[in-house]
Amino acid sequence: MKTGMRLSWRAGLGFAVGAAVLFAVAPVALSDFRLSLLAKYLCLAMVAVGIGLAWGRGGLLTLGQGVFFGLGGYAMAMHMKLADAGPGEMPDFMQLYGQLDALPWWWRPFANPAFALPATVLLPMLVAFLLGSLVFRRRVRGAYFAILSQALAAAMAILLIGQQGTTGGTNGLTDFQGFFGYDLDDPVNQRMVYFIVAGVLLLLLALCRQLMQSRYGELLVAVRDSEERVRFLGYDPANVKLVAYVTAAGMAGLAGALFVPAVGIINPALIGIVPSIEFVIGVAVGGRASLLGPVLGAVAVAWARTTLSEEFPAAWTYLQGLLFVLVVAFLPGGLASVARLVRRRRRPPPDPAPVSPAPVLTQEVTA
Amino acid sequence: MSGLVVRDLRVVFDGFVAVDGVDLEVAPGDIRFLIGPNGAGKTTLVDAVTGLARATGSVRFGDDELLGRPVHRIARMGVGRTFQTATVFEELTVLQNLDIAAGAGRGVLTMLRRRRSVPAAVSSALETIGLADLRDRPAGALAHGQKQWLEIGMLLVQDVKLLLLDEPVAGMSHDERDATGELLRVVSADRTVVVIEHDMDFMRSFANTVTVLHAGKVLSEGTVAQVQADPAVQQVYLGVG
Ligand SMILES: Nc1ncnc2c1ncn2[C@@H]1O[C@H](COP(=O)(O)OP(=O)(O)O)[C@@H](O)[C@H]1O
Ligand SMILES: [Mg+2]
């Protein structure tokens, strides 16, 4: 168990360095504008942490995380809109469109933070549970699961656009004034939002690490490698996948919820097919099976997108596609595997397994 | 210990009858060999018993009817199998493979925690299958024969009472075959074992009883000597045996 001890010591150091960078270095080194950009990237990275678990470890190609990101985002945005409007009032955009006399019934509970806050996480988890139960028990696999996820993301975006009077349509929900009583125009409060985002990301990483290293994490990899074999050992693989899928959905929901105060908007363009694919591209680039790879990949791709799409808006889409193809073809482990490849170069390879010693049959079978 | 009783088992794939009314009784603690030419329906029979292939008829293990139950429930009733091509979890270590096999009954809290020590059943199985020194190797790096032993070890920690092994010595060297046969003897001390095998030498050395399948039906059954003396079997095997 010596290696285990060393690993957790290293992980502790890793978290300390991460916390120092996020909490001490970044706020000093970056302007307010850059820091709020970083907050946005870190929200996207939270989605990536969940995808790393579900796709990297569990082999579930989650191409519809925009749905869960959107559910969390809209739940938070609805609450903030209602809080801005004041008790009993309708949000500004509803009054503007003037189609409604009263708040729709499904908006009402979101006025209460005790409902809205848990809903940002639990609502996505509930939807993921229902969808996952249906799909995994019916043994829908691989490509069909991915297509279904994409269809759901598309359907949700279309639904939101169609219901402009109650959802804000293409514009989404924006122009937020306050976040639980704090004025969002004040840079100090924007910083506070950044610190919350950074703290939550670290928490999600710790949670994900615990899951990956637990017995459940080993079982999840086993399901990815050979689902049928796991079934013959007496497990129901549907449940194993469901846990990873629902966890990833909860993380995406939380990410969406924090995205709203950090960026100031949620709209259908942020949750449809394209953003859902972009989540996965970031994870693939960073390295889907590692803990930190998805985070670094998501931040790197989002940063490249901001930088490059300002100068070459048309080229970015193609560049992103190219990046994805290159990584899948030449670096399936993503950027995270580069370090490992370098290390392997330096060290001599381990000796191969000695070929076939006969089983020792002196022991009685007590199993 | 329980025995296996199969009655009028039929498996049909799109009109093709792969198993055609098989009756089979394997006594508790027996080592039964299931032989027959390629395509005779041996693997399909095991698939039906373990819930993988849809079948009609009846399969009882002890007091439990197995037909119609999902795969993982049958596994929990103490029925385990290996596959024609060894399927272990290649990216996990030998120890992790065995630990997972031992854990179907674990509670949520145990699952969410890290493995802190090696369960007794796992270390005992590691000794039995001779892989104790390789326990931290990824299973994918094992030699072919070692993977087969790991699979058998997984059945041991899973604590199954009926082992169904599909061609466990295919591709093994002579020494490995003998070692595997000895392993089967040890294992059958308190379990019922059914082995599908092509290799006649291996069968002669280690079979207790033999059933010959041909075109989905039982062609002959008995001790090795009885089966070998059966003219119908000699005809099917045309010179073999
Ligand atoms: N899933 C399947 N669909 C259709 N035919 C199958 C299927 N599985 C097996 N068969 C057919 O059933 C017959 C018996 O196969 P099998 O049980 O694998 O034979 P063996 O005795 O060599 O193990 C073969 O003719 C095979 O082609
Ligand atoms: Mg076969």
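Predicted, not measured: the structure shown is a model, and the values here were computed from it. (Residues numbered from 1 in each chain as written. Chains lettered and ligands numbered in written order. Predicted model: local features only at pLDDT ≥ 70, side-chain atom pairs only at ≥ 80, totals over all residues. Heavy atoms only, no water.)

1. A look at the pattern of salt bridges
In total, this model carries 29 salt bridges over all chains according to the counting rule given. Across the pair Asp20(B) and Arg10(B) runs a salt bridge whose closest N-O atoms are separated by 3.0 Å. Here the residue Asp20(B) occupies a position in strand 2 (residues 16-26), and Arg10(B) occupies one in strand 1 (residues 4-13), the gap between them amounting to 10 residues. Exposure remark for Arg10(B): the relative accessible area of 32% places this residue in the partly exposed category. Salt-bridge contacts for Arg185(B) lead to Glu182(B); the nearest nitrogen and oxygen are separated by 3.7 Å. Remark: Glu182(B) and Arg185(B) occur in helix 7 (residues 174-187); sequence separation between them is three residues, near one turn of the helix. Under the relative-accessibility criterion, Arg185(B) is labelled partly exposed at 40%. Classification of Glu182(B) by relative accessible area gives partly exposed; the value is 35%. What you see here is one network of salt bridges that share partners, running through Arg215(A), Glu218(A), Asp99(B), Arg106(B) and Arg115(B). (Salt bridge = Lys/Arg side-chain N within 4 Å of Asp/Glu carboxyl O. Helix = DSSP H or I, 4+ residues; strand = E, 2+ residues; numbered from the N terminus. Buried < 20%, exposed > 50% of the residue type's maximum accessible area, 1.4 Å probe, protein only.)

2. A closer look at the sheet that holds strand 4 (residues 56-61) of chain B
Residue and element names in this part refer to chain B. Overall, antiparallel pairing links the four strands, which are arranged 2-1-4-5 in an open sheet. Looking at which strands have only one partner, the edges of the open sheet turn out to be strand 2 and strand 5 (64-65). Across the sheet, helix 1 (residues 42-49) touches strand 1, strand 2 and strand 4, and the angle it forms with strand 1 is around 110°. (Pairing = 2+ DSSP bridges. Contact = heavy atoms within 4.5 Å. Axes fitted to C-alpha atoms, helices over the stretch in contact; angles between N-to-C directions.)

3. Regarding the confidence of the model for chain A
Residues and elements named next belong to chain A. Considering every residue of chain A, the mean pLDDT works out to 88; 92% of them sit at 70 or more. Helix 11 (residues 237-263) holds the highest mean pLDDT among the elements of chain A, 97, whereas helix 15 (residues 336-346) holds the lowest, 75. In this model residues 1-5 is a low-confidence stretch, pLDDT under 50, and it forms one contact with partners more than four residues away in sequence or in other chains. (pLDDT = per-residue confidence, 0-100.)

4. A look at the packing of helix 2 (residues 32-57) of chain A against helix 12 (residues 273-286) of chain A
In helix packing, the relevant descriptors are the interaxial angle and the interaxial distance, both defined with respect to the helix axes. All names here are of chain A. Relative to each other, helix 2 and helix 12 sit at 70°, their axes nearing to 9 Å. Relative to helix 12, the element helix 2 is oriented roughly perpendicular. On helix 12, the residues touching Leu 44, Val 47, Ala 48, Ile 51, Gly 52 and Trp 55 of helix 2 are Phe 279, Val 280, Val 283 and Ala 284. Looking at the contact of helix 2 with helix 12, its residues break down into nine nonpolar, one polar and no charged. (Parallel < 35°, antiparallel > 145°, perpendicular 65-115°, else oblique. Nonpolar A, V, L, I, M, F, W, Y, C, P; charged D, E, K, R; others polar.)

5. Focus on the coordination of the magnesium ion (ligand 2)
Donor atoms from the polypeptide that bind the magnesium ion (ligand 2) are Thr43(B) (OG1) and Gln84(B) (OE1), placed at 2.0 to 2.6 Å. Of the two residues, Thr43(B) is situated in helix 1 and Gln84(B) in the loop between strand 6 (79-81) and helix 3 (94-101); the sequence distance between them amounts to 41 residues. (Donors = N, O, S within 2.8 Å, 3.2 Å for Na, K, Ca; no water.)

6. Digging into helix 5 (residues 113-137) of chain A
All names here are of chain A. If you check helix 5, its first and last C-alpha atoms are 35 Å apart, about what 25 residues at 1.5 Å a residue would give, namely 36 Å. Most pronounced at Ala 119, the bend in helix 5 amounts to some 50°. When helix 5 is considered as a whole, its buried residues turn out to be Ala 116, Ala 119, Thr 120, Pro 124, Ala 128, Leu 131, Gly 132, Ser 133, Val 135 and Phe 136. In the core, the buried residues of helix 5 are packed alongside helix 3 (65-85), helix 6 (142-162) and helix 11. At the N-terminal boundary of helix 5, the capping side chain belongs to Asn 112, with an oxygen 2.9 Å from the backbone nitrogen of Ala 114. Positive backbone phi, at 60°, marks Arg 139, one or two positions downstream of helix 5. (Expected span 1.5 Å × (residues − 1). Bend = angle between axes of the 7 residues up to and from the residue. Polar contact = N/O pair within 3.5 Å; in protein donor to acceptor, adjacent residues only side chain to side chain.)

7. Some remarks on the site of ligand 1
All names here are of chain B. Around ligand 1, the structure places Phe 13, Phe 16, Ala 18, Pro 37, Asn 38, Gly 39, Ala 40, Gly 41, Lys 42, Thr 43 and Thr 44. One of the backbone nitrogen or oxygen atoms of Ala 40 is found 3.2 Å away from an oxygen atom of ligand 1. Interatomic distance of 3.0 Å between a backbone N/O atom of Gly 41 and an oxygen atom of ligand 1. The fraction of the free accessible surface of ligand 1 (560 Å²) that becomes covered by protein chains is 61%. Ranked by residue count, the leading element in the shell around ligand 1 is helix 1, at three residues. Tallied by class, the residues present in the shell around ligand 1 amount to five nonpolar, five polar and one charged. (Near = heavy atom within 4 Å. Areas by Shrake-Rupley, 256 points an atom, 1.4 Å probe, with all protein chains shown as cover.)

8. Considering the sheet that holds strand 6 of chain B
Residue and element names in this part refer to chain B. Pairing in this open sheet of six strands is mixed, and the strands run 6-7-8-3-9-10 from one edge to the other. Looking at strand neighbours, the two that pair on one side only are strand 6 and strand 10 (217-222), the edges of this open sheet. Within this sheet the neighbouring strands show an average axis-to-axis angle of 20°, counted without direction. The pairing of strand 7 (residues 162-166) with strand 8 (residues 192-196) spans five bridges and is parallel. Residue pairing in the sheet places Leu 163 in a bridge with Val 193 of strand 8.

9. Side note on the interface of chain B and chain A
Each partner contributes to the interface: chain B provides 54 residues, whereas chain A provides 38 residues. Taken together, both faces of the contact between chain B and chain A bury some 4200 Å²; the carbon and sulfur share is 60%. On the chain B side of the contact with chain A, Phe89(B), Met111(B) and Arg114(B) bury the most area, a combined 15% of that side's loss. Joining chain B to chain A, the criterion identifies four salt bridges. A salt bridge links Arg224(A) to Glu91(B), with the shortest nitrogen-to-oxygen separation between them at 2.8 Å. Inspection of the region where chain B meets chain A yields 18 residue pairs in polar contact (both at pLDDT 80 or more). Those elements giving two or more residues to the side of chain B that touches chain A turn out to be helix 2 (71-76), helix 3, helix 4 (108-112), helix 5 (120-128), helix 6 (144-157) and helix 7 of chain B. The element contributing the most residues to the side of chain B that touches chain A is helix 6 of chain B, with six residues. (Buried area = accessible area lost by both parts, 1.4 Å probe.)

10. Here we look at the side chain of Gln158(B)
Tracing the backbone through its elements, the reader meets Gln158(B) in the loop between helix 6 and strand 7. Among the residues examined, Gln158(B) registers a relative accessible area of 12% and is labelled buried. Ignoring any residue separated from it by four or fewer positions in sequence, one finds Gln158(B) in contact with Phe232(A), Leu233(A), Gly234(A), Ala75(B), Val79(B) and Ala101(B).

11. Brief notes about the packing of helix 2 of chain A against helix 13 (residues 293-311) of chain A
Residue and element names in this part refer to chain A. Contact geometry of helix 2 with helix 13 gives a least axis separation of 8 Å together with a crossing angle of 140°. In terms of orientation, helix 2 lies oblique with respect to helix 13. As for how helix 2 packs across helix 13, the hand of that crossing is right-handed. Where helix 2 abuts helix 13, its residues Leu 37, Tyr 41, Leu 42, Leu 44, Ala 45, Ala 48, Val 49 and Gly 52 lie against Pro 294, Val 295, Ala 298, Val 299, Ala 302, Trp 303 and Thr 306. When grouped by side-chain class, the residues that make up the contact of helix 2 with helix 13 number 13 nonpolar, two polar and no charged. (Left-handed = near helix turned anticlockwise from the far one by under 90°.)

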